[in-house]
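As a plain string of letters, each chain reads:
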Amino acid sequence: MRVVGNLQWQELAASPEEAMQRGVRLDALTRLPGMPDFQPRGVFRGSHAYFAAMDEEKALNRQAWFQQHAKRPA
């Protein structure tokens, strides 16, 4: 893995408070204006594996959208 950017970046938070602040910032980023809701509409029936796959696909779509639209520091 290659880390690009902030040299002070740490994978794990130093304290529970810092972890909470990171989570709040990330949640705010996922609520950006214009971010599509990747949740399909309608009523579905299926197995647990089917819904797990739907959730995984939604998470991947959200991540791809965020990576494409996130502003990167110069």
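On a predicted model such as this, the values are computed, not experimentally measured, just so you know.

Help me understand the overall build of the chain in this model?
Within the chain one finds 2 helices and 0 strands. Put simply, the chain has 74 residues, and 4% of those count as buried. Roughly 6,900 Å² of accessible area belongs to the chain as shown, and the carbon and sulfur atoms make up 56% of that amount.

Explain the environment of proline 36 to me, please; I cannot follow it from the model alone.
Position of proline 36 among the secondary structure elements: in the loop between helix H1 (16-30) and helix H2 (48-69). For proline 36, a relative accessible area of 34% corresponds to the partly exposed category.

Quick question: what am I supposed to make of the packing of aromatic side chains here?
Each aromatic ring pair is described using two quantities: the centre-to-centre distance and the angle formed by the ring planes. Applying the stated criterion across every chain yields a total of 1 aromatic pair. Between the aromatic rings of tyrosine 50 and phenylalanine 51, the centroid separation amounts to 5.4 Å while the plane-to-plane angle is 75°, which identifies the pairing as edge-to-face.

Where do I start with the pattern of salt bridges in this structure?
Any two side chains of opposite charge can pair, given that their charged atoms come close. Scanning the entire structure with this criterion turns up 1 salt bridge. The shortest N-O distance in the salt bridge between glutamate 18 and arginine 22 comes to 3.2 Å. Separated by 4 residues within a single helix, glutamate 18 and arginine 22 lie in helix H1, roughly one turn from each other. Judged by its relative accessible area of 22%, arginine 22 is partly exposed.

Thresholds applied
- Residues numbered from 1 in each chain as written.
- Predicted model: local features only at pLDDT ≥ 70, side-chain atom pairs only at ≥ 80, totals over all residues.
- Heavy atoms only, no water.
- Helix = DSSP H or I, 4+ residues; strand = E, 2+ residues; numbered from the N terminus.
- Buried < 20%, exposed > 50% of the residue type's maximum accessible area, 1.4 Å probe, protein only.
- Areas by Shrake-Rupley, 256 points an atom, 1.4 Å probe, with all protein chains shown as cover.
- Phe/Tyr/Trp six-rings, centres within 6.5 Å; stacked < 30°, edge-to-face > 60°.
- Salt bridge = Lys/Arg side-chain N within 4 Å of Asp/Glu carboxyl O.

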